[in-house]
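Here are the chains, one letter per residue:
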Amino acid sequence: MTKAPETVDPHVFVLFGATGDLCRRKLLPAVFRLTQKGHLRNRHVVLGVARDDGMDERSFRSFARQALEDAGFSDSELDTWCDACLFYQPIQGDGGDDDYTSLKARIEEIEAKREMPGNRAYYLAVPPKVFPIVIDGLGRHGLNESPGWTRLIIEKPFGHDLESAKKLNATVHEWFSEEQIYRIDHYLGKETVQNLLVFRFANQVIESQWNRSAIENVQITVAEDIGVGTRAGYYDGVGALRDMLQNHLTQVLTLVAMEVPAAYDARSIRNEKIKVLRSIRKIDKSEVVFGQYAAGEIGGKQVAGYLDEDNVPDGSRTETFVAARLHIDNWRWQDVPFYVRTGKRLAERLTEIIITFRKPPVQFFKSMELDGDVRRDQLVITLQPDEGFALHVDVKHPATDQDLAKVPLSFRYEEAFGKLADAYVTLLLDVLTGDQTLFVHAEEVEESWTLFEPLLDGTIEAVPYASGGWGPTESEKLIEDDAGRWRV
Ligand code: BG6
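Read on for a plain summary of the structure. (Residues numbered from 1 in each chain as written. Predicted model: local features only at pLDDT ≥ 70, side-chain atom pairs only at ≥ 80, totals over all residues. Heavy atoms only, no water.)

Observations regarding the sheet that holds strand 6 (residues 181-183)
- Strands sit in the order 3-2-1-4-5-6 across an open sheet of 6 strands; the sheet is parallel. Strands with a single pairing partner mark the edges of an open sheet, and in this sheet they are strand 3 (86-91) and strand 6. Neighbour to neighbour, the strand axes of the sheet diverge by 20° on average, direction disregarded.
- The pairing of strand 2 (residues 44-51) with strand 3 spans 6 bridges and is parallel. From the neighbouring strand, Val-49 faces strand 3, where its bridge partner is Gln-89. (Pairing = 2+ DSSP bridges. Helix = DSSP H or I, 4+ residues; strand = E, 2+ residues; numbered from the N terminus. Axes fitted to C-alpha atoms, helices over the stretch in contact; angles between N-to-C directions.)

Right, here's the structure in full:
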């Protein structure tokens, strides 16, 4: 969705957690990319806010400059932009009145000097336990309202179970209306994820086959080759289900499975996604596999197991892999299993949606068989590393009378349209233009926790799997039970 550059209003973008990793790697580069693309030609200011550790405006500008250089920018405008548009406000971070009184005064001072109309976006790039403190601080000091628009952007994770998600929603709703809230799931900013709706609903040939009569099963794989790295402090006790399945994979699943919305707008799309979540059958624990990576080899390099990573407590049972079979009880998807899996330290970085079509009713072509089974047509939608899709269909092999060959009819985004924008560029632009389509509604969060929370009672053991493979063999079994196999 390319927005016309002039559509972004003058605004102050208040970045909580401004000296953190997310700001450095993603948010500052995304804002700068928007200026480069001409979307922020109007007056705009980034006001970095972080816990006081001696940084001041000057050092924040150098920090941001370095972040932008690290992200590959070497624009001659870089210095000018940092000096003209970046400001910094240290806070104590304990929710005390002084923090928010001075923050308010600072915002008003900037707006007055620059003759800005009072549009404000607050981005919470802070640890989850700090969300309520900041939201409450903003609300109590009247920063939830302004002469222009006020928007609140919250990073995941949104709660760690149903109760905490409800509590957080209640805190947010005490001060902000749902129309002001932008819950980020960065998977929704990926071009191929957005394209799912266009691909399905703008193409008669696709949508007419997108149902239980034509489709045998759906697989969604989000595989990472990286391990937990330096993030054990956050990750341990959280695990793959909370970190990836409850949000990213579930969002992708709802877009694959939803009905056509009444209009291409946030309300209609979110309604359809919520309907999918409500139609998913209560998950049976026997249809779920948890795993934890052990040592192994990836790309010729030996890597340590999870328990030997820095800051992982001895004997941790945190799952770094989860696979599940889900069932959607509605007219479109009855009896079509949805297999989802995600894990760290797998063989490669790969995110794919695989639609496997039913086998044809005739089998007189011998070479349709593979390992004694008929090869199905498959649609492979790749989100990472190379966004695009391929429909694998049979053609006649020219050398023989009856031999068939599977060939891909494929499309790669980059070949057709050049390099794609980072998801955060897309999502920030949507926040600044007030488009909530790609953001998660409170109800979606709660429905998703309702679904997954029962799996988090500690009764599912994480079985070890060797790094560099595709997870525990139990996950293969899950799909083999239905005479299928994961596509690799
Ligand atoms: C984040 C998770 O939300 O998504 C990380 O917290 C994970 O653990 C990351 O590595 C994956 O994102 P992407 O875009 O690289 O697939």
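Once the structure has been displayed, the description carries forward.
A word on the environment of Arg-200
- Take Arg-200: it is sitting in helix 7 (residues 191-201).
- In this structure, the C-alpha to C-alpha distance between Arg-200 and Phe-158, residues 42 residues apart in sequence, is 29 Å.
- If sequence neighbours within four positions are ignored, Arg-200 has contacts with Ile-206, Glu-207, Trp-210, Leu-255, Val-256, Ala-257, Met-258 and Arg-332.
- Only 2.7 Å separates the side chain of Arg-200 from the backbone oxygen of Val-256, close enough to count as a polar contact. (Contact = heavy atoms within 4.5 Å. Polar contact = N/O pair within 3.5 Å; in protein donor to acceptor, adjacent residues only side chain to side chain.)

Things to note about the packing of helix 1 (residues 21-36) against helix 2 (residues 57-70)
- In contact at an axis separation of 9 Å, helix 1 and helix 2 are set at 90° when each is read in the N-to-C sense. Taken together, helix 1 and helix 2 sit at an angle that is classed as roughly perpendicular. Contacts between helix 1 and helix 2 involve Arg-24, Leu-28, Pro-29 and Phe-32 from the first element and Phe-63, Ala-64, Ala-67, Leu-68 and Asp-70 from the second.
- When the residues that make up the contact of helix 1 with helix 2 are grouped by side-chain class, the tally is 7 nonpolar, no polar and 2 charged. (Parallel < 35°, antiparallel > 145°, perpendicular 65-115°, else oblique. Nonpolar A, V, L, I, M, F, W, Y, C, P; charged D, E, K, R; others polar.)

Notes on the environment of Asp-98
- Relative to the helices and strands, Asp-98 resides in helix 4 (residues 97-113).
- Given a relative accessible area of 64%, Asp-98 falls into the exposed group.
- Placed 362 residues apart in sequence, Asp-98 and Ile-460 show a C-alpha to C-alpha distance of 46 Å. (Buried < 20%, exposed > 50% of the residue type's maximum accessible area, 1.4 Å probe, protein only.)

With respect to the packing of helix 5 (residues 131-140) against helix 6 (residues 162-175)
- Where helix 5 contacts helix 6, the two axes come as close as 9 Å, and the packing angle between them is 15°. When the axes of helix 5 and helix 6 are compared, the pair comes out roughly parallel. For the element pair helix 5 and helix 6, the recorded crossing hand is left-handed. In this structure, helix 5 uses Phe-131, Pro-132, Ile-135, Asp-136, Gly-139 and Arg-140 to contact helix 6, whose residues at the interface are Leu-168, Thr-171, Val-172 and Trp-175.
- A breakdown of the residues in the contact of helix 5 with helix 6 according to their chemical character gives 6 nonpolar, 2 polar and 2 charged. (Left-handed = near helix turned anticlockwise from the far one by under 90°.)

Notes on the pattern of salt bridges
- According to the stated counting rule, one finds 29 salt bridges in the structure shown.
- Of the charged contacts in the structure, one is a salt bridge between Glu-444 and Lys-273, with a shortest N-O distance of 3.1 Å. With Glu-444 in helix 14 (residues 442-452) and Lys-273 in helix 11 (residues 266-279), the pair connects residues that are 171 residues apart, well separated along the chain.
- Taking the relative accessible area as the measure of exposure, Glu-444 reaches 1% and is therefore buried. (Salt bridge = Lys/Arg side-chain N within 4 Å of Asp/Glu carboxyl O.)

Some remarks on the packing of aromatic side chains
- Throughout the structure, instances matching the rule amount to 16 aromatic pairs.
- Between Tyr-182 and Phe-439, the ring centres sit 5.0 Å apart and the planes meet at 80°, which makes this aromatic pair edge-to-face. Of this pair, Tyr-182 sits in strand 6 while Phe-439 sits in the loop between helix 13 (423-433) and helix 14, placing them 257 residues apart in sequence. Comparing Tyr-182 with Phe-439 shows no difference in burial state: the two are buried.
- The interplanar angle of 65° and the centroid separation of 6.3 Å between the aromatic rings of Tyr-235 and Tyr-306 together place this pair among those described as edge-to-face. Pair noted here: Tyr-235 is in helix 9 (residues 232-235) and Tyr-306 is in the loop between strand 9 (301-303) and strand 10 (321-326), with a separation of 71 residues, a long-range link. (Phe/Tyr/Trp six-rings, centres within 6.5 Å; stacked < 30°, edge-to-face > 60°.)

Some words on unusual backbone geometry
- Look at the link from Lys-156 to Pro-157: it is a cis peptide, with omega at 5°.
- Turning to its location among the elements, Pro-157 is positioned in the loop between strand 5 (150-154) and helix 6.
- The omega torsion of the bond from Gln-384 to Pro-385 falls at 5°, within 30 degrees of zero and hence cis.
- Take Pro-385: it is sitting in the loop between strand 15 (378-384) and strand 16 (388-396).

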